[in-house]
Amino acid sequence: MSNNSTSDASSRGVSRRGFITGTGSILGVAALGGRAAAAAPAAAPTAAIAPGARVPVLVVGTGYGGSVAALRLAQAGVDVHMIEMGMSWDTPGTDGKIFANTTKPDHRSFWLRTRTKQPLSNFLGFPLDKDIPRHTGILDAEEFSGITVYQGRGVGGGSLVNGGMAVTPRRENFGGVLPSVNAAEMYDVYYPRANAGLGVTDVDPAWWESAACYQYARVGRKHAQRSGFPFVFVPNVYDWDYMKQEAAGAVPKSALDGEVLYGNNYGKKSLQKTYLARARATGKVAVSPLHRVTSVAPATGGGYTVVIEQINTAGDITATKTVTADKVFFAAGSVGTSKLLTRLKATGALPRLNNEIGKGWGDNGNVMCGRANHMWDATGKVQSSMPTAGIDNWAAGGAFAEVAPLPTGIETYASLYLSITKNPHRAEFSWNAAAGRTDLSWQTAWKQPSIDAARTIFDKINAKEGTIYRSDFFGGSKIWGDHLTYHPLGGVVLDRATDNYGRLHGHPGLYVIDGSLIPGNASVNPFVTITALAERNIERIIATDL
């Protein structure tokens, strides 16, 4: 089903098509449909790129934008090679599953860390993080001076670790998201195309009303409505038939086993099962996992010389390869693309990039909090890790709050929320030559507008219900999770650092096609917008540049 209308918020309090926002959370992450077997997700073919190779198109990254580009280019007859820093995630571990369980993180869980860094660091006074073997795990908690940015690592990018909340922004908000893009064509053509390609569907509201695994969401609805806030359903990419079978005990549990933060073994339609599977079927797309691009520079005779490091699962460099690409699409995500291009401009590899590179980065206004409910408002021992709904106060207070799961396996009497807010602050990436790294200028204090916006919802609910905020989730008696984002956006902003279709200024044949194009805030969970924008841009690029 394609969701191209967001105007029918329900006077009944719940709208199946009230497409507001959120992102999946379990123990705080925003964050793959098969049937009963734990078969490996359909991944793009893996064939390590050879040193000295020349390819028509190199795509750096396998997330939403890169997957769209690879599929559409391949359908147009172009051979594409994708470079992915993470693993292919197609081989089960000793437990028979590809991905680790969220409540039991192991070496598969985090990207090259020796200790977990979970979004919720504490629970009931006990620290949650634990020592783990260093490994190229699925979730990167990348730390900058003022913020931790959670990102998916592997073939499929962020689709591996998010909660599947597939939200088309309200049309009236779109001008503030991508002001240079024609809204009519997005809502008439590219949002429907993206929703269809991603496999977006709505939960069955009748089933939802009685499902024990969504008791937490129904408690969230009751509290929202009693305080006068609209409560809205949002679509998801989870296979709802599979989830119903989980609830009936007919298939291995996935969402009902709390799987999301470190991947989902069964029911979620990640990019491995949608865009990348279709790209693979063309026979014209190859993927090199555990490879990372370190340099792109104009090649003598045309095209671009690309330097790539191959790594092992401990993060050690095992080979360095130099290849040539006629065209390069940067799709390493907001942080990855911004860091790489900032460094390549500063070090002279791509000297003609303009001064907008690295600017306009934002956190999509992410902030988290929890509330302590009364004993008569139990939220349930079994909670689906795929969120379905949220509280809409965007127009009045600048916040939408996903009612997020807290699937600990015990009754917590707690409601957890991830808010997306109107936050005006934007940071900039810069190359720190002395330290040999790319820095980000974000300041933790810049989260205050997000906290203020979220309080427009939760102060009122607490006052109405006679409840309080939880202060045991983030350590140090903190109420607000103001230290993180799951939705990095911007850094190579459309129509500023690029033209209006993602072509980088000054270097023909270089393109950006990921979330770095969106200037800091999407008003909703961003992956549908990233996908739709990629569909728009690649259609134009194929028509005019290839």
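Nothing here was measured: the structure is a model prediction, and the numbers come from that model.

Colleague: Could you give an account of the overall build of the protein chain, with specific residues and numbers?
Modeller: A count of helices and strands for the protein chain gives 11 helices and 20 strands. In terms of overall dimensions, the protein chain is globule-like: its C-alpha atoms have a radius of gyration of 22 Å, near the 24 Å expected for 546 residues. Considered along the principal axes of its C-alpha atoms, the protein chain spans approximately 70 × 50 × 45 Å. Within the protein chain, the fraction of its 546 residues that count as buried is 62%. Split by element, the accessible area of the protein chain, about 17,600 Å² in all, is 51% carbon and sulfur.

Colleague: Which residues make up helix 6 (residues 240–247), and what are the values?
Modeller: For helix 6, the complete set of buried residues consists of Trp240, Tyr242, Met243 and Glu246. Take helix 6 and look down its axis: the buried residues cluster within an arc of 155°, on one side only. Of the surrounding elements, those touching the buried residues of helix 6 are helix 4 (205–210). Residue Asp239 occupies the N-cap position of helix 6, its side-chain oxygen lying 3.1 Å from the main-chain nitrogen of Asp241. Note on helix 6: the residue one or two positions beyond its end, Gly249, has a positive phi of about 75°.

Colleague: Help me get a handle on the sheet that holds strand 13 (residues 389–393), residues and values and all.
Modeller: The 6 strands lie next to each other as 7-13-14-15-12-18, forming an open sheet whose pairing is antiparallel. Each edge of the open sheet is held by one strand with a lone partner, namely strand 7 (231–233) and strand 18 (468–469). On top of the sheet, helix 5 (residues 215–226) reaches strand 7, strand 12 (367–372), strand 13, strand 14 (399–404) and strand 15 (414–421); it is set at about 145° to strand 7, its chief contact. Against the sheet, helix 10 (residues 448–465) makes contact with strand 12, strand 13, strand 14, strand 15 and strand 18, and its axis sits at roughly 10° relative to strand 12, the strand it touches most.

Colleague: Give me the lowdown on unusual backbone geometry, citing residues and values where you can.
Modeller: One non-glycine residue with positive phi stands out, namely Asn364, at about 60°. Counting through the fold element by element, Asn364 comes out in the loop between helix 8 (333–346) and strand 12. Judged by relative accessible area, Asn364 falls into the buried class, the value being 0%. Phi is positive for Ser523, which is not a glycine, with a value near 70°. On the basis of relative accessible area, Ser523 is assigned to the buried category, the value being 5%.

Colleague: Break down the packing of helix 5 against helix 10 for me, with residues and values.
Modeller: One way to put it is that helix 5 packs onto helix 10 with a least axis distance of 9 Å and a crossing angle of 90°. As far as their axial angle goes, helix 10 and helix 5 are roughly perpendicular. Contacts from His223, Ala224 and Arg226 of helix 5 reach helix 10 at Ile461, Lys464 and Glu465. When the residues that make up the contact of helix 5 with helix 10 are grouped by side-chain class, the tally is 2 nonpolar, 1 polar and 3 charged.

Colleague: Can you tell me about the side chain of Thr294, naming the residues and giving the values?
Modeller: Position of Thr294 among the secondary structure elements: in strand 9 (residues 291–298). Setting aside anything within four residues of it in sequence, one finds Thr294 in contact with Val307, Ile308, Glu309, Leu340, Arg343 and Leu344.

Colleague: Tell me about helix 1 (residues 64–75), residues and numbers included.
Modeller: The α-helix advances 3.6 residues per turn, and as a result positions three or four apart in sequence lie on the same side. In this model, helix 1 (12 residues) spans 17 Å end to end at C-alpha, consistent with the 16 Å of a helix rising 1.5 Å per residue. Burial of helix 1 is extensive: 11 of the 12 residues sit out of reach of the surface. Considered for burial, the residues of helix 1 that qualify are Tyr64, Gly65, Gly66, Ser67, Val68, Ala69, Ala70, Leu71, Arg72, Leu73 and Ala74.

Colleague: Give me the lowdown on the sheet that holds strand 6 (residues 148–152), citing residues and values where you can.
Modeller: Pairing in this open sheet of 3 strands is mixed, and the strands run 5-6-19 from one edge to the other. At either margin of the open sheet sits one strand with a lone partner, and together these are strand 5 (139–143) and strand 19 (484–485). Two elements, strand 5 and strand 6, share 5 bridges in a ladder whose sense is antiparallel. The residue of strand 6 that forms the bridge with Leu139 is Gly152.

Colleague: Account for the pattern of salt bridges, naming residues and giving values.
Modeller: Side-chain pairs of opposite charge can arise where the charged atoms are in close proximity. Tallying each qualifying case throughout the model produces 27 salt bridges. Across the pair Lys97 and Glu259 runs a salt bridge whose closest N-O atoms are separated by 3.9 Å. In this pair, Lys97 is assigned in the loop between strand 2 (80–83) and strand 3 (122–123) and Glu259 in the loop between helix 6 and helix 7 (275–281), connecting sequence segments 162 residues apart. One salt bridge in this structure joins Arg113 and Glu143, with 3.3 Å as the shortest N-O distance.

Colleague: Could you give me a rundown of the environment of Ala224, with the residues and numbers involved?
Modeller: Mapped onto the elements of the fold, Ala224 is located in helix 5. The class of Ala224 is buried, set by a relative accessible area of 0%. Considered as a pair, Ala224 and Thr412 are 188 residues apart in the sequence and their alpha carbons are 19 Å apart. Those residues in contact with Ala224 that sit more than four places away from it in its chain are Phe229, Phe231, Ile391 and Ile461.

Procedures and definitions
- Residues numbered from 1 in each chain as written.
- Predicted model: local features only at pLDDT ≥ 70, side-chain atom pairs only at ≥ 80, totals over all residues.
- Heavy atoms only, no water.
- Helix = DSSP H or I, 4+ residues; strand = E, 2+ residues; numbered from the N terminus.
- Rg over C-alpha atoms; globule rule 2.2 N^0.38 Å.
- Buried < 20%, exposed > 50% of the residue type's maximum accessible area, 1.4 Å probe, protein only.
- Areas by Shrake-Rupley, 256 points an atom, 1.4 Å probe, with all protein chains shown as cover.
- Arc of directions from axis to C-beta.
- Contact = heavy atoms within 4.5 Å.
- Polar contact = N/O pair within 3.5 Å; in protein donor to acceptor, adjacent residues only side chain to side chain.
- Pairing = 2+ DSSP bridges.
- Axes fitted to C-alpha atoms, helices over the stretch in contact; angles between N-to-C directions.
- Parallel < 35°, antiparallel > 145°, perpendicular 65-115°, else oblique.
- Nonpolar A, V, L, I, M, F, W, Y, C, P; charged D, E, K, R; others polar.
- Expected span 1.5 Å × (residues − 1).
- Salt bridge = Lys/Arg side-chain N within 4 Å of Asp/Glu carboxyl O.

Worth remembering: the numbers are spatial, not functional.
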